[in-house]
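# Report on the structure
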Amino acid sequence: MLLLAIVLGGGYGLFTWTVGMGHASMQKLPVDEGYCAPPQDCAEVVAALYQVASERFGMSGAHLDWCLGVDSWAEAKVRRGGWLKEIAVWLMYLPCGKLSEGQTTS
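The structure contained in this document is the topic of the report that follows. Quick caveat: nothing in here was measured; it's all calculated off a predicted structure. (Residues numbered from 1 in each chain as written. Predicted model: local features only at pLDDT ≥ 70, side-chain atom pairs only at ≥ 80, totals over all residues. Heavy atoms only, no water.)

Before going further, it helps to examine the overall build of the protein chain. Across its full length, the protein chain holds four helices and zero strands. Secondary structure elements of the protein chain occur, N-terminal to C-terminal, as α-α-α-α. In terms of principal-axis extent, the alpha carbons of the protein chain reach across some 45 × 35 × 30 Å. When the 106 residues of the protein chain are sorted by exposure, 20% land in the buried category. Taking contacts inside the protein chain between residues at least 6 apart in sequence as the whole, the part at least 24 apart equals 56%. (Helix = DSSP H or I, 4+ residues; strand = E, 2+ residues; numbered from the N terminus. Buried < 20%, exposed > 50% of the residue type's maximum accessible area, 1.4 Å probe, protein only. Contact = heavy atoms within 4.5 Å.)

All right, on to a nonpolar patch on the surface then. Nonpolar side chains collect at one region of the surface, where Trp83, Leu84, Ile87, Trp90, Leu91 and Leu94 lie side by side and expose about 720 Å² of accessible area between them. Of note, Trp90 is situated in helix α4 (residues 82-93). We classify Trp90 as exposed; its relative accessible area is 56%. (Patch = residues over 30% accessible without salt bridge, like charges linked within 9 Å, V, L, I, M, F, W, Y side chains within 5 Å. Areas by Shrake-Rupley, 256 points an atom, 1.4 Å probe, with all protein chains shown as cover. Salt bridge = Lys/Arg side-chain N within 4 Å of Asp/Glu carboxyl O.)

Counting across every chain of the model gives two disulfides. Each sulfur in the disulfide pair Cys36 and Cys42 lies 1.9 Å from the other. Across the S-S bond of Cys36 and Cys42 the torsion is about 115°, and the bridge reads as right-handed. Grouping residues by exposure puts Cys36 and Cys42 together as buried. Shown here is the disulfide that connects Cys67 with Cys96, its sulfur atoms set 2.1 Å apart. In this structure the cystine formed by Cys67 and Cys96 twists about its S-S bond by roughly -115°; its chirality is therefore left-handed. Within this pair, whereas Cys67 is found in helix α3 (residues 61-75), its partner Cys96 is found in the segment after α4, the two being separated by 29 residues in sequence. With respect to class, Cys67 is no different from Cys96; both count as buried. What links to what in the protein chain: the bonded cysteines, counted in sequence order, pair as 1-2, 3-4. (Disulfide = S-S within 2.5 Å.)

So, in structure tokens, the structure goes:
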């Protein structure tokens with residue numbers, strides 16, 4: 001029973017951390033790409049990005065945050081256990097699918 005609680009707690013923590021990293025990446029994206037400047041509130045631009053992802057790929061905001069968070073995990077450098085990180089990242093990418101599959105030709 002204790003082991004189950006540890007696994008579930010660790011899974012929830014990993015989920016929360018990954019979604020948080022993805023959300024931070026989404027907040028940083030418009031600034032990095034030059035769509036808005038830091039003194040300006042970029043909330044409208046971020047909302048538009050979420051809307052485009054929803055329409056184009058059929059992804060919810062939380063799903064997009066998850067996939068962007070997994071991207072952050074994939075970019076992370078590790079000293080040891082790189083093979084374990086690669087397996088974990090591969091498993092974490094499974095719910096993301098291929099974003100190009102959802103694209104429409106207009």
